[in-house]
Protein chains: 2
Amino acid sequence: METIKIGLVGLGTVGSGVLQMVENNQDKISNITGRKLSVKTIVVRDVHKHRNVDTENIHLTTELDDIINDPEIKIVVEVMGGIHPAKETITALLNAKKHVVTANKDLIASEGEELTSIARKNKCDLMYEASVAGGIPILRTIVNSFAADQITEVKGIVNGTTNYILTQMQQKNCSYDEALQKAQELGFAESDPTNDVDGIDAAYKMIILSQFSFGTHLKLDEMKIQGIRKMQLTDVEQASQLGYTVKLLGIARRINDGVFAEVGPVLVPADHPLATINNENNAVMVTGQAVGETLFYGPGAGGLPTANSVLSDIVSETKNIVLGTTGNSFNNYQNEADHVKASEIVYPYYLSLKMPDIPGQMLKVTQIMTKIGASFSQIVQTRNDNDSARVVIITHDMSKTQLAQLKEELDQKDSIDLLAAYKVLSN
Amino acid sequence: METIKIGLVGLGTVGSGVLQMVENNQDKISNITGRKLSVKTIVVRDVHKHRNVDTENIHLTTELDDIINDPEIKIVVEVMGGIHPAKETITALLNAKKHVVTANKDLIASEGEELTSIARKNKCDLMYEASVAGGIPILRTIVNSFAADQITEVKGIVNGTTNYILTQMQQKNCSYDEALQKAQELGFAESDPTNDVDGIDAAYKMIILSQFSFGTHLKLDEMKIQGIRKMQLTDVEQASQLGYTVKLLGIARRINDGVFAEVGPVLVPADHPLATINNENNAVMVTGQAVGETLFYGPGAGGLPTANSVLSDIVSETKNIVLGTTGNSFNNYQNEADHVKASEIVYPYYLSLKMPDIPGQMLKVTQIMTKIGASFSQIVQTRNDNDSARVVIITHDMSKTQLAQLKEELDQKDSIDLLAAYKVLSN
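All of these numbers come straight from a predicted model, not from anything done at the bench. (Residues numbered from 1 in each chain as written. Chains lettered and ligands numbered in written order. Predicted model: local features only at pLDDT ≥ 70, side-chain atom pairs only at ≥ 80, totals over all residues. Heavy atoms only, no water.)

1. Re the domain arrangement of chain A
All names here are of chain A.
Then step 1. Partitioning chain A into structural domains gives domain 1 (3–133 + 303–323), domain 2 (138–299) and domain 3 (343–424).
Then step 2. Taken over C-alpha atoms, the centre of domain 1 sits 28 Å from the centre of domain 2.
Then step 3. Taken residue by residue, the interface counts 17 residues in domain 1 and 16 residues in domain 2.
Then step 4. Across the interface of domain 1 and domain 2, roughly 1500 Å² is buried in total on both sides, 61% from carbon and sulfur atoms.
Then step 5. For domain 1, the biggest contributors to the area lost against domain 2 are Glu 129, Val 132 and Ala 133; these three give 37% of the whole.
Then step 6. Summed over the shared surface of domain 1 and domain 2, the number is two salt bridges.
Then step 7. Between the two partners, domain 1 and domain 2, sit six residue pairs in polar contact (both at pLDDT 80 or more).
Then step 8. Every element with two or more residues in the side of domain 1 that touches domain 2 is listed here: α5 (105–121) and α12 (303–323).
Then step 9. Ranked by the residues each element gives to the side of domain 1 that touches domain 2, the list is headed by α5, at six residues.
Then step 10. When the residues that make up the side of domain 1 that touches domain 2 are grouped by side-chain class, the tally is eight nonpolar, four polar and five charged. (Domains from an automatic or database assignment. Contact = heavy atoms within 4.5 Å. Buried area = accessible area lost by both parts, 1.4 Å probe. Salt bridge = Lys/Arg side-chain N within 4 Å of Asp/Glu carboxyl O. Polar contact = N/O pair within 3.5 Å; in protein donor to acceptor, adjacent residues only side chain to side chain. Helix = DSSP H or I, 4+ residues; strand = E, 2+ residues; numbered from the N terminus. Nonpolar A, V, L, I, M, F, W, Y, C, P; charged D, E, K, R; others polar.)

Take a look at the structure:
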């Protein structure tokens, strides 16, 4: 049986998982693809570092050229992470006619278009199933199984760190800082958690999901991204009492001919499937015009789950090589999207307000809401601290224009502070 | 742009959905496949029957030969259902070198192996994504995304009718008969619900899922299949009080080198993802050695969701035609499975017992459990009717051998009746 040789760039958790899976699942892979797979060369920073995986028959090197100049290596897996020099590495590999598999969401979200065109020029494949939601096979599923449907919305919990923190806040009544510390101790959050807790990692994934779902190319700086760094336990508890679970959701929706995408904390009804996704798990909900609501749930990160997605790309690539069908884009759905007007983006909102505990304050809020044409569905005065009252409101549908007007009007009232404004998901 | 002509055999709910989706999503399909799709001919029983879909430019006929003898038609969708004459129809189509897409689970589960080999002989494709869990793209996901992983278990709610009935019993405290009647009124159950409520439909789907997950070919008569026809509201309520939801689950598990598959009512912990799947929805949980637990949730039936799965096959087929890669099996994972011994199949059980409300009865039960080496984790004496007591037991892990011994021992005690024995899922 012919053997297809693989190169790896990077040998961290995911790289080790890939190596392990290629070794352990030879029989099944051969059974399906008719080829043997074997990792030949791995580019690492330090060839002498102790590894937990067996690399005895593998060439460890610091030189990318050892892969580039090796005609035997057909598929290369990039798991070094980061944008530079990963971009230059992948570019060099594609130009050397290697098929590339990567798990690098930052890179694909920001440079994917350019890298895809380099791949196409070289008649090579660039696959990146593992870049979104680690172990959930969501990208290939959208490509293959929603091809004839119009996806109207894709939303989900696509960051495990923040979901872990929010789950802990909700279930253990601990503060954001306590939950973050616990996440760091357990390895679910990095020592610098910025990318995760500020929603940037989730936004990268939503850019890729939007591209597959709607054919659009969003840019990070065009998206509104709100993280969970300022999340108050009070709001998590208040939401819970009102029957909601706070989740950091990425939402991308087709509105008329445009696509709206955002990342931020959202109140999800407790009996909604997304409310039951806890801790480091991820879930993506895809709504199609024909199919309705579908949900894909699984581990969002971790060495082996992510490695499994990398392997699904490698097997796919192996089939392409066997069938002689390389050089087709992973996703070739392209569609221009119009700009979505703020007045078209409509959600109910959860508003948390602080105001002096004296008569007449609620009247002011009610007058503002009436002025901007918005209305309440629920209102709770929660507690008093130092002569101030905390008032929580769940509104009926409001447009982003109305929300901006509300913020502006409240800014003009010195006595009333808007502490939080989160979207509310309908059931 | 080249047009690929499609034939349909059958024009019921799914057929109409397929027709509608091909018409409505031309742009996206062309964008992805580089081909236009068009339904040319539809075989129906009565060409004069009024239809809710526009068939003006389509040739309606009662003659399959109108498709067989038309070289322009490349892909044929069979949505007539049933085993005969569907099998003969598909055989004739494949022998005429047509690629076939079907949603027919009964046929695929029982005759899939033979039809696949006829397809292979003719270098044609036979695809059947819609045959399992309507709108959930589960088969292609297993093929593509678990290719390099070892699936250890696939289980789920794969029948919408029974899930609707059980959900109603649980949420509305109604009897099986009342829930069935409501399901029939709403069109979720057929007037003869046998195939659904006796678990046969679910078993067919588990046969197909096992084939994709483990490469095995199970037979219906080799599987233990238990339906919900005898489900008592008392047991649903009792399970609920103990923190469980009763679901009709299909379970297929790799045990050592064998595969064990069964359909039956199972007590699922209330916070398990499968417990939250309500009414007519379906969900399939796939556990992989590397990836861990993943869950795929969506509509289990319905014209458009099922049509979407048919369309994913059509688009896939169109890509194969364009790339010249037809003639490869939908699933080519093949693996011999050993027989699994009853002593190796181990679960906790929910046992519902009826016994006279007199001293000494519980001692008898305890003695039997001790004799067979099994033990209790929970025990509840629930109510008394006509001098009899109802005792509910949740056991620790018990093998099927032990369960059989227990039944035998209880049979010998005239005074104690085993009313129900259901598996319990661990969290």
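Next comes the rest of the description.
2. Notes on the interface of chain A and chain B
Then step 1. Contacts between the two partners involve 43 residues from chain A and, on the opposite side, 43 residues from chain B.
Then step 2. Taken together, both faces of the contact between chain A and chain B bury some 4100 Å²; the carbon and sulfur share is 57%.
Then step 3. Together, A:Lys28, A:Ala148 and A:Tyr297 form the three largest contributors to the area buried by chain A at its contact with chain B, with a combined 17%.
Then step 4. One can count zero salt bridges joining chain A with chain B.
Then step 5. The tally of links between chain A and chain B comes to 12 residue pairs in polar contact (both at pLDDT 80 or more).
Then step 6. Top contributing element to the side of chain A that touches chain B by residue count: α12(A), with eight residues.
Then step 7. Within the side of chain A that touches chain B, the residues separate by chemical class into 22 nonpolar, 16 polar and five charged.
Then step 8. Note: strand β12 (residues 292–299) of chain A against strand β12 (residues 292–299) of chain B, three bridges, orientation antiparallel. If you follow A:Leu295 over to β12(B), its bridge partner there is B:Tyr297. (Pairing = 2+ DSSP bridges.)

3. Observations regarding the packing of helix α4 (residues 86–95) of chain A against α5(A)
Residue and element names in this part refer to chain A.
Then step 1. Orientation of α4 relative to α5, taken along the N-to-C sense of each, is 15°, at an axis distance of 10 Å. Judged by the inter-axis angle, α4 sits roughly parallel to α5. For the crossing formed where α4 meets α5, the hand is right-handed. The segment α4 lies against α5, with Ala 86, Lys 87, Ile 90, Thr 91, Leu 94 and Asn 95 engaging Leu 107, Glu 111, Glu 114, Leu 115, Ile 118, Ala 119 and Lys 121.
Then step 2. Within the contact of α4 with α5, the residues separate by chemical class into seven nonpolar, two polar and four charged. (Axes fitted to C-alpha atoms, helices over the stretch in contact; angles between N-to-C directions. Parallel < 35°, antiparallel > 145°, perpendicular 65-115°, else oblique. Left-handed = near helix turned anticlockwise from the far one by under 90°.)

4. Describing the sheet that holds strand β1 (residues 3–9) of chain A
All names here are of chain A.
Then step 1. Pairing is parallel in the open sheet, where six strands are placed in the order β3-β2-β1-β4-β5-β6. If you trace the sheet from one side to the other, it starts and ends with β3 (59–61) and β6 (126–127), each paired once.
Then step 2. Pairing of strand β2 (residues 36–43) with β3 involves three bridges; the strand directions are parallel. Directly across from Thr 41, in β3, lies its bridge partner His 59.
Then step 3. Against the sheet, α4 makes contact with β1, β4 (73–78), β5 (99–102) and β6, and its axis sits at roughly 155° relative to β5, the strand it touches most.

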